[in-house]
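# Inside the fold
What follows is the residue order along each chain.
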Amino acid sequence: MVKTSTRTLNMVQAINEALAEALARDPKVLLFGEDVGMGGVFRVSDGLQERFGKARVFDTPLAESGIMGLAIGLALAGMHPVAEIQFAGFLYPALDQILSHLGRYRHRTRGGFGLPVVVRAPYGGGVHTPEQHADSPEAILCHVPGVKVVIPSHPAQAKGLLLAALEDPDPVFFLEPIKLYRAFRAEVPEGYYTLPLGQARRVREGREATLIAYGGMVEVCEEAAEEAARQGIELEILDLQTLVPLDEASILESVRKTGRAIVVYEAPRTGGFGAEIAARIAEQAIDSLVAPVLRVAGWDAPYPPFSAIEHHYRPDARRVLQAVEKALEY
């Protein structure tokens, strides 16, 4: 067996390393966005312009629709663009490009052209950011036919999933949880490696209920599961990693085992992606359920900026445990 060397990295470092691997491996890869050349707001692209030059790592105007249009044009011209949107809440001005063009080219050209575009954006709350800097627009993106949506929760997964996204022939949105950028360090393999898109990660084995989460909410579910374990309650945690394509088989397998499902996400509750997960469980595993599928989510209101009440909006372990208690009592 070949032993792979690892280092202890945080998510920022792991993503930076993935971008460097991709830029070094393929001269068609270009990285651009607002302040990307100087390292970006979170220093994710730190040092890449110095290493690969301003022709391949460059800044753009503050115009998200222009960034997205540039990415589409470059992909049609044979390049492999990686477009950074400074915060996922800034994607809205680019929705016309996303809805009308990015996801449609393979269909529009009857398979003649794909768009190998990766769009990176930090998302979610937990670090007291201003308005529109903590939005979670993944449900909007999942509703766009023709694109994939990937959301890592661990440094090693972030690197492998980003490199897999860069190998994909179609558009991929890669949402990076702000709260987890520097929250912890973990072992990350050296060199180039990919992890399959559309495959969930079982974070913890359990038998009494399944917590289904992605991105920043995986950490919250782990905290809840630790507290539940002290009470003798065994919770299973499933980290989806990819929302489109969705690992439906792993979800159903886990829920059929435990009989209870709690979906945790920080976007507004109504119309959130958790509703899609709940619907699929109800459609295909209702005979295995001993309690209704429950959701723990953000409120149907804008995320509170610069606010002392952020912890009331963003789901935490306490709210997850309340849902667990409700499911167990049903």
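Scroll up for the structure.
Described in the following lines is the structure provided in the data block. (Residues numbered from 1 in each chain as written. Predicted model: local features only at pLDDT ≥ 70, side-chain atom pairs only at ≥ 80, totals over all residues. Heavy atoms only, no water.)

### A short note on helix α7 (residues 155-167)
Taking 1.5 Å as the rise per residue, α7 with 13 residues should run 18 Å; its terminal C-alpha atoms sit 19 Å apart, in good agreement. Most of α7 sits out of view: 12 of its 13 residues are buried. Within the span of α7, buried status applies to Pro 155, Ala 156, Gln 157, Ala 158, Lys 159, Gly 160, Leu 161, Leu 162, Leu 163, Ala 164, Ala 165 and Leu 166. (Helix = DSSP H or I, 4+ residues; strand = E, 2+ residues; numbered from the N terminus. Expected span 1.5 Å × (residues − 1). Buried < 20%, exposed > 50% of the residue type's maximum accessible area, 1.4 Å probe, protein only.)

### What about empty space enclosed by the protein?
In this approach a probe as big as a water molecule rolls over the atoms, and the regions it shows empty are the leftover space. The final tally for this structure, using the stated rule, is two cavities of 30 Å³ or more. Estimates place the volume of the largest cavity at around 60 Å³. Of the residues assigned to the lining of the largest cavity, the class counts are five nonpolar, two polar and four charged. Considering only enclosed or pocket space, the second largest cavity measures out at about 30 Å³ in volume. Lining the second largest cavity we find Leu 102, Gly 103, Arg 104, Tyr 105, Arg 106, Gly 114, Leu 115, Gly 146, Asp 170 and Pro 171. Tallied by class, the residues present in the lining of the second largest cavity amount to four nonpolar, three polar and three charged. (1 Å grid on protein atoms, 1.4 Å probe; cavity = no way out; pocket = protein on both sides within 12 Å on 5 of 7 lines; lining within 4 Å. Points joined across faces, edges and corners; volume = space filled by probe spheres on them. Nonpolar A, V, L, I, M, F, W, Y, C, P; charged D, E, K, R; others polar.)

### A few points about helix α10 (residues 273-285)
The α-helix winds at 3.6 residues per turn, so residues separated by three or four positions along the chain end up facing the same way. Taking 1.5 Å per residue as the helical rise, α10 with its 13 residues ought to reach 18 Å, and the 18 Å between its terminal C-alpha atoms agrees with that figure. Here α10 has its buried residues at Phe 273, Gly 274, Ile 277, Ala 278, Ile 281 and Ala 285. Here the buried residues of α10 occupy an arc of 145 degrees about the axis, which is enough to place them on one side. The inward-facing, buried residues of α10 contact α6 (138-142), β10 (209-213), β12 (242-244), α9 (248-258), β13 (261-268) and β14 (294-298). (Arc of directions from axis to C-beta. Contact = heavy atoms within 4.5 Å.)

### Some words on the environment of Leu 294
Residue position: Leu 294 is located in strand β14. Along the primary structure Leu 294 and Lys 148 are separated by 146 residues, whereas in three dimensions their C-alpha atoms are 25 Å apart. Setting aside residues no more than four positions away along its own chain, Leu 294 makes contact with Ala 261, Ile 262, Val 263, Ala 323, Lys 326 and Ala 327.

### Let's talk about the sheet that holds strand β4 (residues 80-84)
Taken in spatial order, the seven strands make up an open sheet running β3-β2-β4-β5-β7-β6-β12, and their pairing is mixed. On the outer flanks of this sheet lie β3 (57-59) and β12, each paired with one strand and no other. The sheet shows a mean angle of 20 degrees between the axes of neighbouring strands, direction not considered. Where β4 lies against strand β5 (residues 118-123), three bridges are found, and the strand directions are parallel. (Pairing = 2+ DSSP bridges. Axes fitted to C-alpha atoms, helices over the stretch in contact; angles between N-to-C directions.)

### A word on the sheet that holds β14
Strand order in the open sheet formed by five strands is β9-β11-β10-β13-β14, with mixed pairing between adjacent strands. In the strand order of this sheet, the two ends are held by β9 (201-204) and β14, each with one partner. For this sheet, the mean angle separating the axes of adjacent strands, direction not counted, is 25 degrees. Sheet topology note: the β13/β14 ladder contains four bridges and is parallel. Paired with Val 263 across the strands is Arg 295, a residue of β14. On top of the sheet, α9 reaches β9, β10, β11 (235-239) and β13; it is set at about 155 degrees to β10, its chief contact. The strands that helix α12 (residues 317-329) touches are β10, β11, β13 and β14; relative to β14, the one it contacts most, it runs at about 165 degrees.

### Brief notes about the pairing of β5
Counting buried positions along β5 yields six of six residues, so the element is predominantly enclosed. The two faces of β5 match: Val 118, Arg 120 and Pro 122 on one face and Val 119, Ala 121 and Tyr 123 on the other face are all buried.

### Here's the deal with the packing of helix α3 (residues 64-76) against helix α4 (residues 95-102)
Contact geometry for α3 and α4: axes closest at 8 Å, N-to-C directions at 25 degrees. Between α3 and α4, the angle falls in the class roughly parallel. When α3 is examined against α4, the residues Ser 65, Met 68, Gly 69 and Ile 72 are found in contact with a partner set consisting of Gln 97, Ile 98, His 101 and Leu 102. Split by residue class, the contact of α3 with α4 holds four nonpolar, four polar and no charged. (Parallel < 35°, antiparallel > 145°, perpendicular 65-115°, else oblique.)

### What to know about the pairing of β11
Looking down a regular strand, the side chains alternate between one sheet face and the other. Across the five residues that make up β11, a large majority, five, are buried. The two faces of β11 match: Leu 235, Ile 237 and Asp 239 on one face and Glu 236 and Leu 238 on the other face are all buried. Pairing of β9 with β11 involves three bridges; the strand directions are antiparallel. Its bridge partner lying in β11, Arg 202 is registered against Leu 238. By the bridge criterion, five bridges tie β10 to β11 in an arrangement that is parallel.

### Concerning the pattern of salt bridges
Two side chains carrying opposite charge are able to pair once their charged atoms lie near each other. The tally for this structure, following the rule as stated, stands at 20 salt bridges. Several salt bridges share partner residues, and in doing so they unite Arg 7, Glu 17, Lys 159 and Glu 190 into one network. (Salt bridge = Lys/Arg side-chain N within 4 Å of Asp/Glu carboxyl O.)

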